Every structure is written in C-alpha cells, then in structure tokens.
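Read off the chains here:
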Amino acid sequence: MGDVFKAIADETRRAILDELAERDEQTLFEICGRLAVGHGLASSRQAISQHLEILEDAGLVRTERRGRYKYHFLDTAPLQLIISRWPRPEENNHAD
C-alpha cells in the first residue's frame, strides 16, 4: 500500500490519473498532450514515462501493447484497499 501513497503524493501523477479517469486508453503521446493543454504541465515524454512507471508499479495504471503503441488504463483497485483499511464507523454507534 505504501507504493500507492507514494504514487498519489505527486501532483503530476495525480494529474495523469485525472486524465485517465476522464478518458481511459491513452498513449504516452496523448497523455503528454492532455497534461500540457489541461494542466499546463510541459514535462518531457521521458519524465511522464517515469511517472507512469511509478503508477504502474503501484497498480494504479495498467498497460496494453498493440503493435507499436502502448496504451495506459486507470485501475482504481488499489484505492479500494485504502478505503477498506479505514472503514467509517457506523452511525448507530454514536453515544448521546
């Protein structure tokens, strides 16, 4: 779970996740363009690729190769582990 916290701690990586949540199945080129236009992030493709690798290692992004293109997909399953770690107390357990 520590990898998930590290992955989402960075603003650029959160922006990448936002872009994949808005439109899944993007190439590196598409992600770079959307980050530049939508977030004003002018990072190099190499820098964005490194961010994507961290997100992939944390399980938040999965990839699929099709020919010479690599597509990126959002996977929110690791975030569910965070939510289940700290469940909300039942509303009926409040002492008056």
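The structure we're discussing is the one just above.
Residues numbered from 1 in each chain as written. Predicted model: local features only at pLDDT ≥ 70, side-chain atom pairs only at ≥ 80, totals over all residues. Heavy atoms only, no water.

Novice: An account of the packing of aromatic side chains is requested, with residue identities and associated values reported.
Specialist: In total, this model carries 1 aromatic pair according to the counting rule given. Measuring from centroid to centroid gives 6.5 Å for Tyr 69 and Tyr 71, while their planes differ by 50 degrees, and the two rings are tilted. The partly exposed category is assigned to Tyr 69, whose relative accessible area is 43%. One Lys or Arg, Arg 62, reaches over the ring of Phe 73 and ends 4.6 Å from the middle of that ring. Positioned over the ring face of Tyr 71 is Arg 66, at 4.5 Å from the centre of the ring. (Phe/Tyr/Trp six-rings, centres within 6.5 Å; stacked < 30°, edge-to-face > 60°. Buried < 20%, exposed > 50% of the residue type's maximum accessible area, 1.4 Å probe, protein only. Lys NZ or Arg CZ within 6 Å of the ring centre and 35° of its normal.)

Novice: Describe the environment of Ile 54, and please don't skip the residues or the numbers.
Specialist: Residue placement: Ile 54 occurs in helix H4 (residues 45-57). Taking the C-alpha atoms as reference, Ile 54 lies 16 Å from Ala 77; in sequence the two are 23 residues apart. Every residue in contact with Ile 54, bar those within four places of it in the chain, is listed here: Ala 7 and Arg 13. (Helix = DSSP H or I, 4+ residues; strand = E, 2+ residues; numbered from the N terminus. Contact = heavy atoms within 4.5 Å.)

Novice: Pulling in residues and values, what's your account of the packing of helix H2 (residues 11-22) against H4?
Specialist: At their nearest, the axes of H2 and H4 sit 10 Å apart, and the two run at 80 degrees to each other. Classified by the angle their axes make, H2 and H4 are roughly perpendicular. Of the residues in H4, those in contact with Thr 12, Arg 13, Ile 16 and Leu 17 of H2 are Ile 48, His 51, Leu 52, Ile 54 and Leu 55. (Axes fitted to C-alpha atoms, helices over the stretch in contact; angles between N-to-C directions. Parallel < 35°, antiparallel > 145°, perpendicular 65-115°, else oblique.)

Novice: Tell me what's going on with a negative patch on the surface, and back it up with residues and numbers.
Specialist: On the surface, Asp 3, Glu 53, Glu 56 and Asp 57 cluster together into a patch of negative charge. If one sorts the elements of the negative patch by residue count, H4 sits on top with 3 residues. If you trace the backbone, Glu 56 turns up in helix H4. Judged by its relative accessible area of 32%, Glu 56 falls in the partly exposed class. (Patch = residues over 30% accessible without salt bridge, like charges linked within 9 Å, V, L, I, M, F, W, Y side chains within 5 Å. Areas by Shrake-Rupley, 256 points an atom, 1.4 Å probe, with all protein chains shown as cover. Salt bridge = Lys/Arg side-chain N within 4 Å of Asp/Glu carboxyl O. Lys, Arg positive; Asp, Glu negative; His and termini not counted. Charge placed at Lys NZ, Arg CZ, Asp CG, Glu CD.)

Novice: Any details on the side chain of Thr 27? Residues and values, ideally.
Specialist: Within the secondary structure, Thr 27 is located in the loop between H2 and helix H3 (28-39). Leave out the neighbours within four places in its chain, and Thr 27 touches Tyr 69, Lys 70, Tyr 71 and His 72.

Novice: Can you lay out the packing of H3 against H4 for me, pointing to particular residues and giving the numbers?
Specialist: The contact between H3 and H4 brings their axes to 10 Å, and the two run at 105 degrees. With respect to H4, the element H3 is oriented roughly perpendicular. Where H3 abuts H4, its residues Leu 28, Ile 31, Cys 32 and Leu 35 lie against Arg 45, Ile 48, Ser 49 and Leu 52.

Note that every value here comes from positions in space, so none of it alone points to a role or purpose.
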